[in-house]
Structure formats: C-alpha cells, structure tokens
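# Structural overview for review
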Amino acid sequence: MAPITIYPVHLFRRIIPFCVIILCSFAALAQSQSRPAKEPVLKMLRSMKSPDSAAVLAKKLIDSARKNNNKPFEARVLLARAYQAYGIGNEHDALTFGREATKLTTTADSLTYEKAPIMVAYMLSREAKTVEALNVAFKILKECDNRGWKSLSIDCRACIADIYRSIGNPKQALPYAEQASKDALSIKDTASYIFALSNLSNILSERSISSPGNLVKATWLMEQVLDKKYAHFLSDFSIARYQGNLGRLYLMTNQDKKAEEILMKSLELSRKGDFKTLEKHNLNELMTMYVDHKEFKKAARFGEMAVSLQPESQSNITVQKNIYNHLTDAYEGIGDYKNAFKYSYLYRRLNDSINQLDKARDASELDKKYQADKRLLIAAGETKLVEVQRNFLIVLALFIVIASIISYRWFILKKKRETALLAEEHSQLEKMDAMKTRFFANVSHELRTPLTLIMGPAVQLLAFTNYEVEQRNMLHSILRNSKKLLNMTNELLDLGKLEAGKLALQPKPVALLSFVKILYQGFVSAAEYKQIDYRLLNSINPALFVLLDQEKFEKIANNLISNAIKFTPYAGTITITADIKLEMIEFGVANTGVGIHPDDLPNIFDRYYQGRGNNAPLEGGTGIGLAIARELTELMGGHITVDNWGKGVFFKIVIPFKATEKPATEVAGTEAVIVSHSKTVGKDTNGELIMLVEDHHEMAAYIADILRPQYRLITAGNGRAALQKLQDMPVMPSLIISDVMMPEMDGFTLLETLKQSPAYCNIPVIMLTALANTRHKLKALHIGVDDYLTKPFLSSELLARTVNLINNAAARSGATIPDDDELITRTNDLQIEQPAENPGLKLSPADLSWLEELEAQVRKHTGKTDLTLAALSYELAISERQLFRRIKSITGLTPNKYIRAIKLQIAREAIESGKYRTIAEVSYAAGFDTPAYFGKLFKEHYGRDVNELL
C-alpha cells in the first residue's frame, strides 16, 4: 500500500470547516443570548387568562415580527400562544398554534424547534390521534439525536412515554421514561429531571403493571417531585398537575383521606390559576373516589361541574370519556336513569371513535421504525465520527509539534536559569562553609590560650609533694580533662586544615606494640567504672618499629575507643584488636550494645551528623569525631570500615606502614595519666544515703568528693542500672542525683519511671543537665523533678540543694527538724498546735491526689500575696484545723512553709521560661511581697542568688 501524503492545501481545506463551525456556534450563542430581551413579553402572553386579551397581544407581536421578517420570533409567539391556550383548557386551539409554530421555526432556534412539535404531539394524543402524535414525536426525537441536543431529546422521550401510557402500553413507555430521567440526571437539568420522575410515576401506576411494589414506587416518586427542595423549579400549573397525579395514586393505594385532601388542594390551585384542564382532571379523580364510596350525588355534582368547564371539542378525549362513564354510574346509583342513559350514550360514542387495538399496533410499528432509524443514524454518526477523529488527529499532531518546540525552548531556558541559580547557591554555600571553618578555627585558637593557662599551673602544682591523695587526684583530673579539651580544640583546627589541604603527615619511628598498649591503657579506668570487660588482642612483634604519624593515629584510636566506652552498656564488652597483615596495620574496636541503626550507617562519617533513631537515648557528642577519624585515616593512605556484627558494632582501620630500624633514642608513646577509681564511691559514714546516677566516671568522682564528707554514696552508670540497684537495696536512698544524658536509659526516662512507681515516687530527685535550653528544663519540671542543676555548677549550690531536699523529705516522713519560727501558726487569730509526729508515714495515692489538688488551688492564686489558710480551706471544703493537720501530716511542713515552697517552684519556672528580666517581676509573679525577702528565701532554698539565673 502506498504511503499517505498530506499536502498543506488539503490540510487547510479540512481545518477551515472546523473554524466555520466554531464561528457559527458563537453566532448562535450570541443570538440565543440576545433573545431574553423579548422573553418577558412572551412570558406574559403565556400566563394570560383571557383568550381575547391573549389574541390581541399575540396579533400585535406577530404583526411586528412579520414587518421585520423575523420568522423565529413569530414562531416563539405562536408557541407561547399554544401554551396559553392549553393552560386555559382550549386544547384544540393549542394544537392549531403549535402546528403553525412548527411550520415557521428553524434549527437556529433549537428550543422552539423542539418544543413546538412536542406541543403538537401532546395535543394530538389528547384528541386520541395517537399514531399521528407518535409520528411527530419520533420525528423530532431523531432530529435531536442527530444534532446531539441531549437536553431537548429528554422532552421528546418523555412525550413518547406519555403517549404510550395513554394508550395502555406502559411496558413500551417505560424505557423512554427511564432514559429521559437518566439523561436529565447526567446533565443536571433539575426541571427536566422532575418532569421525568413524574412521568415514571404515571407509567408505573398504569393498571396493566400496577403491582403493589410499582404503586409504592410510583407514589414515592411523585412525593419526591413535590418535595420542598424542588418547589422553586415548579410553576403553580406544574404543582397543581403533580398534586392531581399524587391524589390519583393515593386513590389507587386506598389512601382515600389523603387522596381527597391533596385533590382538593390541587382543585383549589387550578381554580385560582384558571387551569381548566387540571381542574377537569381533579374533578374526574374525585368523581372516581365518590363513586367507589357510593356517594353518587356528590359524584354527579362534580361530574356536571367537569362537563361544564370545557366543550367536548376542546377537551382531552380520554378524560372526557372517563367523566361520561363516572356520570353514568353516578346517575344510575341515584336512580336518574334518563341522565344515566344520556351519558352512557356519550361514553359509547367516544369509545367507538377510538380504535385502541389498531392504534397500539401502529404505535408499536413506529417504535420499531425509530429503533431501526436510530441504528442507521448511529452507523452514519460513527462514519462521520471517524472522519472527524482523523481531522482532529491531524490538528492535534500539528498542535503537539508546535507545543513540543515551545516546550523544548522553555525547557532549555529553564535549565539555563536553574544552572545559574545552582551555581550561585553553590557559591553562597562555599562562602558560608568557609566562614564556618574560619569561625571554628578562630574559636579554637581563642580556647587554646585559657587551656594553656589551666594546664601550666596544674603541672606546676603537681610538682609539689605535700598533697593528700584526694587533692592529687583532683589535680590529675584537672590536667587530664584539660588535655581532652585541648584535643577537641585541635580536632576543630584539623578540620580547617583538612579542608584547606594544609594538614601534612609527620611520620616518626614508633615502637608499635608499646604505642598500642599505651592507647589501650588510657581508657582502663573509664572501663572499670562501668564494669566493662575491656581487653586487648595483640599479635604485633614487640621489636617492630614503624614510621607513623603518632599524633594522628592517636586521635583516630582515641575517637573509636571513647565512642565504644560511651555506647557500651553497663557490664558490656569492648575488644581492641591490633595486627600486621601484608604491610598494613589493622586496628579494630568492637563493642557490645544495640549497634548503629541501619538508616544511620551510610552517614556516620559525615561531619556534624547525629543519629536519627526515635528511641535513641540522649548521648551527646559533636558529630565530628568519626569524620576526623575517616579523614585522617585517608590522609595516611588507609581506609576505615564499620559493621553491625549482631550484638554490637565493629570499627576497623587499615593503614599502610614502613618498617624502620630502632632509633638511637626510642620515641616514647603518649604519656598516660592513669588514675585508679574504686568501684565504691564514698565513705562508710553515718550520713544519709544518696544514689548518684552518672555515666562519666570523672564527673561521678567529682560529685562524690563534694558529698562524701556528709553523706554515704552508691553509684550507677545509667538509669537502667539505677533501677536494678534500687530493687536490690534493703533501704531506699534519701536522694537520687541523676545525669540526663546517659546510655541505655537517660535521666528523663529514669525520672518518669520513678515518679510513676508507688515505691519510689517519694524519693526526691536532682537532675544534672548540660542541656541549657528552656525546653529541656521545663520537661523535667513537668515530669516532676524536685530540683535540677545546670552544668557547670558550684559545689556549694549542689550541697544547698541536697540539704534542702533531704530535710523536706525527712519532714514528710515525720522525722523533721523543729521549726524555730513556725512551731505555732496563727491564722485569723486562731491558735493551732502542731500534731504529733508520725514516724515512718507512707503517702497513699489518695494523699498524693489531695496534694495535687492543693497545689492546683495555690497555683490558681499565683501572683496574689494575700492567700490565707482560710481561703484555701474554703475552696477545699475543709476546716482550717483539719487543713493544717493534713498538710503537716503529709508533707511535714506547716501550711505557710508548704505554700512558700510551691511559690518558690513557681518562681523557678517563671525564671526558666525567660519571660521575666528582674527580681521584682519574678517575685510579684510568684506572689511574694518584696523582692528582697524573695531573694533571701530563694537563696536559702536553691543555694544560688536569683540574680545569677536572670
């Protein structure tokens, strides 16, 4: 087959008809939009009740239309005249005007083009000219289907369904009515949908298919049509018509009372609007009911009223025939056989004029003919559709080509703009990164000076020999931690040097085995403190000397081992391995624990990266240790790997080396300062027992040195270990001091567990935190911490907080020290003696709940300085004496002291919130009379001047 060639001339010949169609559509739209200017006149004509007045107005409008040669408007006037005649009961005149309108109308006015013949079809059906009516209706339906007038075809199908129903063929009517309702619903034409539902209702109520189910459905449909939500879509004529139909359905379902009520309403509305056709229909239905009830006189009276409304020539023959039949039965019932014979004759005459069988057959043939024509129409439409689709595809292809060219050009321009923007962003990021590096370098340089001034005097002091063991240990601790801080500072400087490419290797001969042992020994005491099984597996030849940058290798090893110490759980295992393979140093650190989350593994060597595990404990860290380790390893020509091995994590570095001879003077390894720490911190004194929960062994030793002279101590490395020791202790500690950032279980989790436990909730807790932001402090207060200290803190501050909390707890248990200023409290001149002490008192849940309610009442009066015991007793519905006794028995404090403690807590929360800047603001916010008195109480309670916290 030869390929199809499309020439531009042929292409334009095919495109031009589409443009013409579009222009014609716009013109028709403009014409239809200009039409409403004359519609009010036509609306008035349709609603006129006087035939003469309507005739005069119609003649005037028709003369004007003919003078201007405006046949479409003349057709609309005639159609309006037909509607007016039908409304007042002149159905024959309505048929005449409808035919005249049909002759004049054109497809340009699609509405009149469809409505005029449909009016003709309806009126022919009322004259029992069924076949002719169906011919007209099917003809216009085919026209609407051919032109795609979906909304207008709804009227055609409804009309055909109504005609089939009128000749007793509801089964043939039902498909058209159902299709009409579906089409109206699909295009959301509410008015057409209402009419279609009423049509369906009428068909389902036809006697040949009027089963009980169909009658119920028909009644429900007609009730829906008359629902209030559709009221604004219906005219009085439509409402009267649908009410009459509903009355007929009520009669068929033996709801005579409801039928009479609705028919009377319809009759009244029909008479008010002078709708003779509807009035006649309602009278006919009422006659039917009265004949069935054997109320023959009333039936005859309504029948005569119906006959007198319209002459027979202007009436619906079917309705007229039914009226004659009911009048025959009514007069026969009352014994007036003369009138009975008269109407019986009229009934037979009309009945003989209608050959139902022949008309039904002809109507059926028309339906078959329409279906055949419809199939031909669909086939022709499909052929035309193929041609339209082909032309559309050609136009679409052209459009796609043009759109592709435009899109490509736009895409290229967009990419250029994005490239320029990315280049600018990259430049900005490089500048910011350089600024950050300079900032770290500057800060690091600034830190080195004070660190030097700390380390120098510490070394000088260690040269003296007149120290006790504790004092010498403190100096060693100062020197050791100064070196650690110096190492961290050097790491920050190394970052800048690495980025600038200025960090160079400085290899020196090193006795590798001795050096590895020194690195290992540097963490022995830290491992002992956490009871970690800390071991070294070494297969290096003791005589081996290598050229190695000792300082950089030490930084790598220290980072890996310190991380292992930090993340290994209490009583876990850390294994250091060192080996020589194929002229490579293999140094590994393995530890037990939860390992690294799989999502974090790809990023752990990135600078400043922190793990994102939702359940990760608070551990701290800067996020640069592993980054430094990797970059230094790569600088030395090696590589570093990490692996979760099932029960923990394993880091391994592999670095090339060169063996060398033993130098004349052996280069010693890093001087290790090893301080032994016993596992039991504190002395066996008679003081109160305090539990210290701290994972950092040197911080634990420092706190122990502060508290050891006055208290007995027991330590735990993290929250989980603390809970385990509490379960095993025969006597509960008087106080728990806990760090926040710890492995396995952090301080917040430990605090929450303690406060939720009936056995431990009464133990006071002090939190030690390096988290300086307000959110963490308020979190601790919300959980129920008794007090907290922010690192760094003063030893006097820790001692003051410890003494206050232990004394208050002792007072609550009945072992309180006497109050010199409040042995007797006077409130409203009433002297109340303190109750007898009750040693060993344990608080019940009811007591704790009551204390919470009491504290809530005190907090409700925050800021007030006149809060009295009387006011509290009134709000708690308890006498002053009982209130005093209960506070004293539960807390060990007098009410004034207890309220004062709550106010001091409120003041502490106010300070931490950052809302206040002066002592006066805080004191008044907490409800103290004078700032000076508040400052004195605050220092006594918390051991710190309030000015230091503001």
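Residues numbered from 1 in each chain as written. Predicted model: local features only at pLDDT ≥ 70, side-chain atom pairs only at ≥ 80, totals over all residues. Heavy atoms only, no water.

## Considering the overall build of the protein
Counting secondary structure elements, the protein contains 35 helices and 15 strands. Relative to its 950 residues, the protein shows a buried fraction of 44%. Considering only contacts within the protein whose residues lie at least 6 apart along the sequence, 68% involve residues at least 24 apart. (Helix = DSSP H or I, 4+ residues; strand = E, 2+ residues; numbered from the N terminus. Buried < 20%, exposed > 50% of the residue type's maximum accessible area, 1.4 Å probe, protein only. Contact = heavy atoms within 4.5 Å.)

## Re the packing of aromatic side chains
Taken as a whole, this structure holds 14 aromatic pairs when the rule is applied. Ring centres 5.9 Å apart and planes at 5° place the aromatic pair tyrosine 331 and tyrosine 343 in the stacked group. Of the two residues, tyrosine 331 sits in helix α16 (residues 317-334) while tyrosine 343 sits in helix α17 (residues 337-352), which places them 12 residues apart along the sequence. Owing to a relative accessible area of 9%, tyrosine 331 belongs among the buried residues under this scheme. Pairwise contacts between aromatic rings join Tyr86, Phe237 and Phe275 into one cluster. Across from the ring centre of phenylalanine 302, 5.0 Å away, lies the NZ or CZ of arginine 301, which sits over that ring. The ring of phenylalanine 928 carries the charged tip of lysine 903 above its face, separated from the ring centre by 5.9 Å. (Phe/Tyr/Trp six-rings, centres within 6.5 Å; stacked < 30°, edge-to-face > 60°. Lys NZ or Arg CZ within 6 Å of the ring centre and 35° of its normal.)

## Some thoughts on the pattern of salt bridges
Under the counting rule described, the total for this entry stands at 23 salt bridges. Where aspartate 549 meets lysine 552, a salt bridge forms, and the shortest distance between an N and an O atom there is 2.9 Å. Salt bridges sharing partners connect three or more residues here, namely Asp162, Arg165 and Glu206. (Salt bridge = Lys/Arg side-chain N within 4 Å of Asp/Glu carboxyl O.)

## Structural notes on the sheet that holds strand β10 (residues 712-716)
Strand order across the open sheet formed by five strands is β10-β9-β11-β12-β13, with parallel pairing between neighbours. Among the strands making up the open sheet, the edge pair consists of β10 and β13 (787-790). Neighbour to neighbour, the strand axes of the sheet diverge by 20° on average, direction disregarded. (Pairing = 2+ DSSP bridges. Axes fitted to C-alpha atoms, helices over the stretch in contact; angles between N-to-C directions.)

## Topic: the packing of helix α8 (residues 150-166) against helix α9 (residues 170-186)
Relative orientation of the contacting elements α8 and α9 amounts to 155°, with a least axis distance of 8 Å. For the element pair α8 / α9, the angle class is roughly antiparallel. Considering only the axes of α8 and α9, their crossing is left-handed. Within the contact between the two elements, α8 uses Lys150, Ile154, Arg157, Ala158, Ile160, Ala161, Tyr164 and Arg165 and α9 uses Pro170, Gln172, Ala173, Tyr176, Ala177, Gln179, Ala180, Asp183, Ala184 and Ser186. The class makeup of the residues in the contact of α8 with α9 is 11 nonpolar, three polar and four charged. (Parallel < 35°, antiparallel > 145°, perpendicular 65-115°, else oblique. Left-handed = near helix turned anticlockwise from the far one by under 90°. Nonpolar A, V, L, I, M, F, W, Y, C, P; charged D, E, K, R; others polar.)

## Observations concerning the environment of aspartate 847
Within the secondary structure, aspartate 847 is located in helix α29 (residues 845-860). Along the backbone, aspartate 847 and arginine 886 are 39 residues apart, and their C-alpha atoms lie at a distance of 9.1 Å. Excluding its chain neighbours within four sequence positions, the residues that come into contact with aspartate 847 are Arg886 and Ile890.

## A word on the nonpolar core
Grouped together as the largest cluster of nonpolar side chains are 99 residues, with contacts concentrated most on Leu45, Val77, Ile160 and Tyr164. If one sorts the elements of this core by residue count, helix α6 (residues 110-126) sits on top with nine residues. Excluding its chain neighbours within four sequence positions, the residues that come into contact with leucine 45 are Ala54, Leu57, Ala58, Val77, Ala80, Arg81 and Gln84. Counting residues in each nonpolar core, the second largest holds 45 residues, with Val546, Val589, Leu626 and Val649 among its members. (Core = buried A, V, L, I, M, F, W, Y, C linked by side-chain atoms within 4.5 Å.)

## Re the pairing of strand β12 (residues 765-769)
For β12, the buried fraction is high: five of the five residues fall into the buried class. Residues Val765, Met767 and Thr769 of β12 are buried on one face, and the alternating residues Ile766 and Leu768, pointing to the opposite face, are buried as well. Pairing between strand β11 (residues 735-739) and β12: four bridges, direction parallel. Across the sheet, isoleucine 736 pairs through a bridge with valine 765, a residue of β12. This β-α-β element, β11 to helix α26 (residues 747-756) to β12, shows right-handed connectivity. Bridge count for β12 against β13 is four bridges, and the pairing is parallel. Among the inter-strand pairings, isoleucine 766 is bridged to a residue of β13, identified as aspartate 787. (Right-handed = clockwise from strand over helix to strand, strands pointing away.)

## Some thoughts on the packing of helix α13 (residues 256-273) against helix α14 (residues 276-292)
Between α13 and α14, the least distance of the axes is 9 Å, while the angle of their chain directions is 155°. The angle between α13 and α14 falls in the class roughly antiparallel. The handedness of the crossing between α13 and α14 comes out as left-handed. Along its contact with α13, which presents Asp256, Glu260, Leu263, Met264, Ser266, Leu267, Ser270 and Arg271, the element α14 presents Leu278, Glu279, Asn282, Leu283, Glu285, Leu286, Met289 and Tyr290. Grouping the amino acids of the contact of α13 with α14 by side-chain chemistry returns eight nonpolar, three polar and five charged.

## A short note on the sheet that holds strand β3 (residues 545-548)
The three strands lie next to each other as β1-β3-β8, forming an open sheet whose pairing is antiparallel. Unpaired on one side and paired on the other, β1 (508-511) and β8 (658-660) mark the two borders of the sheet. Ignoring strand direction, the axes of neighbouring strands in this sheet form an average angle of 50°. Pairing geometry for β3 and β8, over three bridges, is antiparallel. Following the sheet pairing, phenylalanine 545 is matched in β8 by threonine 660. Sitting on the sheet, helix α20 (residues 512-521) is in contact with β1 and β3, with an inclination near 70° to β1.

## Description of the side chain of threonine 112
If you trace the backbone, threonine 112 turns up in helix α6. The exposure class of threonine 112 is buried, given its relative accessible area of 3%.

## Looking at the state of the cysteines
Summed over all chains, the structure comprises zero disulfides. We note that cysteine 156 lacks a disulfide partner, and the nearest cysteine sulfur, in cysteine 144, lies 4.0 Å from it. (Disulfide = S-S within 2.5 Å.)

## Some points on helix α4 (residues 71-87)
The first and last C-alpha atoms of α4 sit 24 Å apart over 17 residues, in line with the 24 Å expected at 1.5 Å per residue. Across the 17 residues of α4, 14 count as buried, placing the element largely inside the fold. Its side-chain oxygen placed 3.3 Å from the backbone nitrogen of phenylalanine 73, asparagine 70 serves as the N-cap of α4. Phi for glycine 89, located one or two positions after α4, is positive at around 95°. (Expected span 1.5 Å × (residues − 1). Polar contact = N/O pair within 3.5 Å; in protein donor to acceptor, adjacent residues only side chain to side chain.)

## Let's talk about helix α33 (residues 919-926)
The α-helix advances 3.6 residues per turn, and as a result positions three or four apart in sequence lie on the same side. All buried positions along α33 are accounted for by Ile919, Val922, Ser923 and Ala926. One side of α33 carries all its buried residues, which in axial view fall inside an arc of 95°. One or two residues past the end of α33 sits glycine 927, with phi positive at roughly 95°. (Arc of directions from axis to C-beta.)

## Some points on the confidence of the model for the protein
A residue-level look at the protein finds 79% of positions with pLDDT of 70 or above and a mean pLDDT of 77. For the stretch residues 1-38, pLDDT sits under 50, and the model shows 16 contacts to residues farther than four places along the chain or on other chains. Scored below 50 in pLDDT, residues 666-685 shows 42 contacts in the model against residues more than four places distant or in partner chains. (pLDDT = per-residue confidence, 0-100.)

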